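One letter stands for each residue in the lines below.
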Amino acid sequence: MSDIDITGVKIDGLKVACIGAGYVGGPTMAVIAMKCPTVTVTVLDISEERIAAWNDEDLDNLPVYEPGLAAVVAETRGRNLFFSTDVEGAVAAADIVFVSVNTPTKLHGVGKGRAADVKNLEACARTIARVSSSNKIIVEKSTVPIKTAETIRRVLEANKRPGCEFSVLSNPEFLAEGTAVDDLFEPSRVLIGGEDKPAGRTAVAQLAAVYNNWVARERIITTNLWSSELSKLVANAFLAQRISSINSISALCERTGADVSEVARAVGSDHRIGPNFLKASLGFGGSCFQKDILNLVYLAERFGLPEVAAYWEQVIAMNEWQKRRFAEGMVSSMFNSVSGKRIALLGFAFKKDTADVRETAAAYVSKFLLEERAHLRVYDPKVRLPAMLSELDYTCGVTPENCPDLATRFVSCASALEACDGADALAVMTEWDEFASIDFEAAFAAMRKPAFVFDGRNVLDHAKLRAIGFQVYVIGKPTSPSATVM
Ligand SMILES: NC(=O)c1ccc[n+]([C@@H]2O[C@H](COP(=O)([O-])OP(=O)(O)OC[C@H]3O[C@@H](n4cnc5c(N)ncnc54)[C@H](O)[C@@H]3O)[C@@H](O)[C@H]2O)c1
Ligand SMILES: O=c1ccn([C@@H]2O[C@H](COP(=O)(O)OP(=O)(O)O[C@H]3O[C@H](CO)[C@@H](O)[C@H](O)[C@H]3O)[C@@H](O)[C@H]2O)c(=O)[nH]1
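Cut-offs applied
- Residues numbered from 1 in each chain as written.
- Chains lettered and ligands numbered in written order.
- Predicted model: local features only at pLDDT ≥ 70, side-chain atom pairs only at ≥ 80, totals over all residues.
- Heavy atoms only, no water.
- Near = heavy atom within 4 Å.
- Polar contact = N/O pair within 3.5 Å; in protein donor to acceptor, adjacent residues only side chain to side chain.
- Areas by Shrake-Rupley, 256 points an atom, 1.4 Å probe, with all protein chains shown as cover.
- Helix = DSSP H or I, 4+ residues; strand = E, 2+ residues; numbered from the N terminus.
- Nonpolar A, V, L, I, M, F, W, Y, C, P; charged D, E, K, R; others polar.
- Domains from an automatic or database assignment.
- Axes fitted to C-alpha atoms, helices over the stretch in contact; angles between N-to-C directions.
- Parallel < 35°, antiparallel > 145°, perpendicular 65-115°, else oblique.
- Left-handed = near helix turned anticlockwise from the far one by under 90°.
- Contact = heavy atoms within 4.5 Å.
- Buried area = accessible area lost by both parts, 1.4 Å probe.
- Salt bridge = Lys/Arg side-chain N within 4 Å of Asp/Glu carboxyl O.
- UniProt positions renumbered as here; feature names shortened; annotations may be inferred.
- Buried < 20%, exposed > 50% of the residue type's maximum accessible area, 1.4 Å probe, protein only.
- Expected span 1.5 Å × (residues − 1).

**Student:** An account of the site of ligand 2 is requested, with residue identities and associated values reported.
**Tutor:** Near ligand 2, the surroundings consist of 21 residues, among which F174, L175, S281, C288 and R457 are the closest. Separating a nitrogen atom of ligand 2 from a backbone N or O atom of K279 is a distance of 2.9 Å. In this structure, an oxygen atom belonging to ligand 2 sits 2.6 Å away from a side-chain N or O atom of R457. Considered on its own, ligand 2 offers 690 Å² of accessible surface; in the complex 91% of this is hidden by protein. Only helix 9 (225–256) and helix 11 (289–302) provide two or more residues apiece to the shell around ligand 2. Ranked by residues supplied to the shell around ligand 2, first place goes to helix 9 with four residues. Grouping the amino acids of the shell around ligand 2 by side-chain chemistry returns eleven nonpolar, three polar and seven charged. Each of domain 1 (15–215) and domain 2 (259–486) contributes no fewer than three residues to the shell around ligand 2.

Now the structure itself:
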């Protein structure tokens, strides 16, 4: 499928619909609308609240926080970008329908805890078949198990109106949160998978022509459907594997006096290895890595490859261990008890420049410390208390019912200094840039002594903190001589 010719393929006047107005659907479609002003793009969702937020006049209220996104929406919304709950109407009118719905890990039944649930995609396929009276290209944008395009194709075929033809494409999204707009403006590659038949090749060419409005042709990779679906899972597995690899080495560094940043630099300078995704941390989070690797593990098992499954499962096991190791290290450093102690958690988002808290390591650490009876005071520049509590409940099972005094032991603060007031320790959960410029002298003065710093992101000036008087512990770095080994 590498020889798709897109010369002369027109996109003017195309109508694009996208089902799913989330972290992917919203930004992706906004950028398509910006880069292709002659294409009309309608983003759809069943959630009225989400659509209302996308339509909010105040761009600070968009449902997704991404640097640069508000400007893109400001330029396009109402021109050729629309947000609506009229799924049926917009799909019926569209030439191309993207499906960008959530595909969470199954919580019940066959494949529970591992397989991705594609019920939302199936529901979309049924809707598309029911309301369509013209031919359409259906684009699988969600991350899915390999062979999902076949499921969609069969549901469409079984339910379509006579004379209506559909081509199903796979076009996985590789944007990372916090850099979504830049990633969409300049993607490393766009991947399009299709059927190697005339209609499939025509559909691939049509979608490639849309992207080619701003992405160079050589960056648009065309493959068969299954390579495309699988490549998305594999890309995430490889990225997460690098983090688990460096995190495993961070533990060895702490025991030996090596410094994980120096090791990462030395190793990553080899051009065959490369420097990216080698930052040791308290563990990766986000809605994708764990879900997609578990999905890969499940697929390997289902296809009778237990060794392959075990290999990739270890990436998750190492991440779980790293989160636990960090939390346990905090408790053991603070004289084996944090009961009744105040701990300032700086950051709650799973990474900087996003308000997303899905699978954030901060929630795991919070649960651990709450079980140890600590009092947590949390500050995140973008995440509000309800989102923190909802993630604590959804992913970690911490609720007011099973966690005594949750309302008083898990408090959100308006600033880092407020969180540090009277605290025994501060711990960096998220690498927000602003944490480097906290007034640490003031924080130290306001904290109980000895005052501890646990840097789970390796972003603070540790020499300066030690000079102020803090006991400093950093992932993957030797501890100060006066401190116990983490
Ligand atoms: N978040 C990311 O950074 C990212 C990046 C690349 C790929 N992905 C993948 O993209 C997909 C979407 O992820 P997301 O983070 O945007 O999810 P999300 O939860 O933010 O958004 C999904 C939206 O789909 C809507 N939806 C679900 N079923 C629907 C239906 N039947 N009709 C109409 N709307 C429906 C939901 O209401 C929700 O608003 C997932 O498969 C994910 O793995 C995510
Ligand atoms: O060197 C690193 C790099 C990242 N992280 C952590 O890893 C997690 C994931 O980060 P990142 O990959 O930057 O963000 P995501 O938005 O989850 O993006 C990933 O998942 C998306 C959803 O599938 C893909 O589209 C992206 O390509 C892929 O990078 C975060 O907790 C980061 O803090 C580290 O700990 N060390």
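Alright, that's what it looks like, and here's the rest.
**Student:** Account for the site of ligand 1, with residues named and values stated.
**Tutor:** Taken together, 24 residues form the shell around ligand 1, and within it D45, R50, T103, E177 and K291 come nearest. Backbone polar atom of Y23 to an oxygen atom of ligand 1: 3.0 Å apart, as the coordinates give it. Compared with its free state, where it exposes 830 Å², ligand 1 has 90% of that area covered by protein. Classifying every residue of the shell around ligand 1 gives eight nonpolar, nine polar and seven charged.

**Student:** Can you explain the packing of helix 5 (residues 119–131) against helix 6 (residues 148–159)? Please cite residues and give values.
**Tutor:** Look at helix 5 against helix 6: their axes get within 8 Å of each other, and the N-to-C directions meet at 30°. In terms of orientation, helix 5 and helix 6 fall into the roughly parallel class. The handedness of the crossing between helix 5 and helix 6 is right-handed. Mapping the contact onto sequence places L121, E122, A125, R126, I128 and A129 in helix 5 and T148, I152, V155, L156 and N159 in helix 6. Here the residues of the contact of helix 5 with helix 6 sort into seven nonpolar, two polar and two charged.

**Student:** So what about the domain arrangement of the chain? Which residues, and what values?
**Tutor:** In terms of domain boundaries, the chain breaks down into domain 1 (15–215) and domain 2 (259–486). Between domain 1 and domain 2, the C-alpha centre-to-centre distance is 33 Å. Between domain 1 and domain 2, the residue contacts involve 20 residues of the former and 21 residues of the latter. Each partner contributes to the roughly 1600 Å² buried at the junction of domain 1 and domain 2, and carbon and sulfur atoms together form 53% of this total. Per-residue buried area on domain 1 facing domain 2 is highest for Y65, R114 and E177; these three make up 43% of the total on that side. At the junction of domain 1 and domain 2, the tally comes to three salt bridges. Between R114 and E301 there is a salt bridge, with its nearest N and O atoms 2.7 Å apart. On inspection of domain 1 and its partner domain 2, the count reaches seven residue pairs in polar contact (both at pLDDT 80 or more).

**Student:** Would you mind going over the UniProt feature "domain: UDP-glucose/GDP-mannose dehydrogenase C-terminal" (unreviewed entry) in the chain in detail, with residue names and values included?
**Tutor:** Within the UniProt annotation, "domain: UDP-glucose/GDP-mannose dehydrogenase C-terminal" (unreviewed entry) is assigned to residues 344–462. Split by type, residues 344–462 is 34% helix and 16% strand. Its first and last C-alpha atoms lie 17 Å apart.

**Student:** Pulling in residues and values, what's your account of the side chain of T222?
**Tutor:** Tracing the sequence through the fold places T222 in strand 8 (residues 220–224). By relative accessible area, T222 is classed as buried at 8%.

**Student:** Would you mind going over the environment of A237 in detail, with residue names and values included?
**Tutor:** Of note, A237 is situated in helix 9. Excluding residues that lie within four positions of it along the chain, A237 makes contacts with I293, L296 and W312.

**Student:** Give a detailed account of helix 12 (residues 306–333), specifying residues and quantitative values.
**Tutor:** A rise of 1.5 Å per residue sets the reference length of helix 12, with its 28 residues, at 40 Å; its end C-alpha atoms lie 39 Å apart and thus fit the reference within 8%. At the exit of helix 12 stands F335, carrying a positive phi of roughly 60°.

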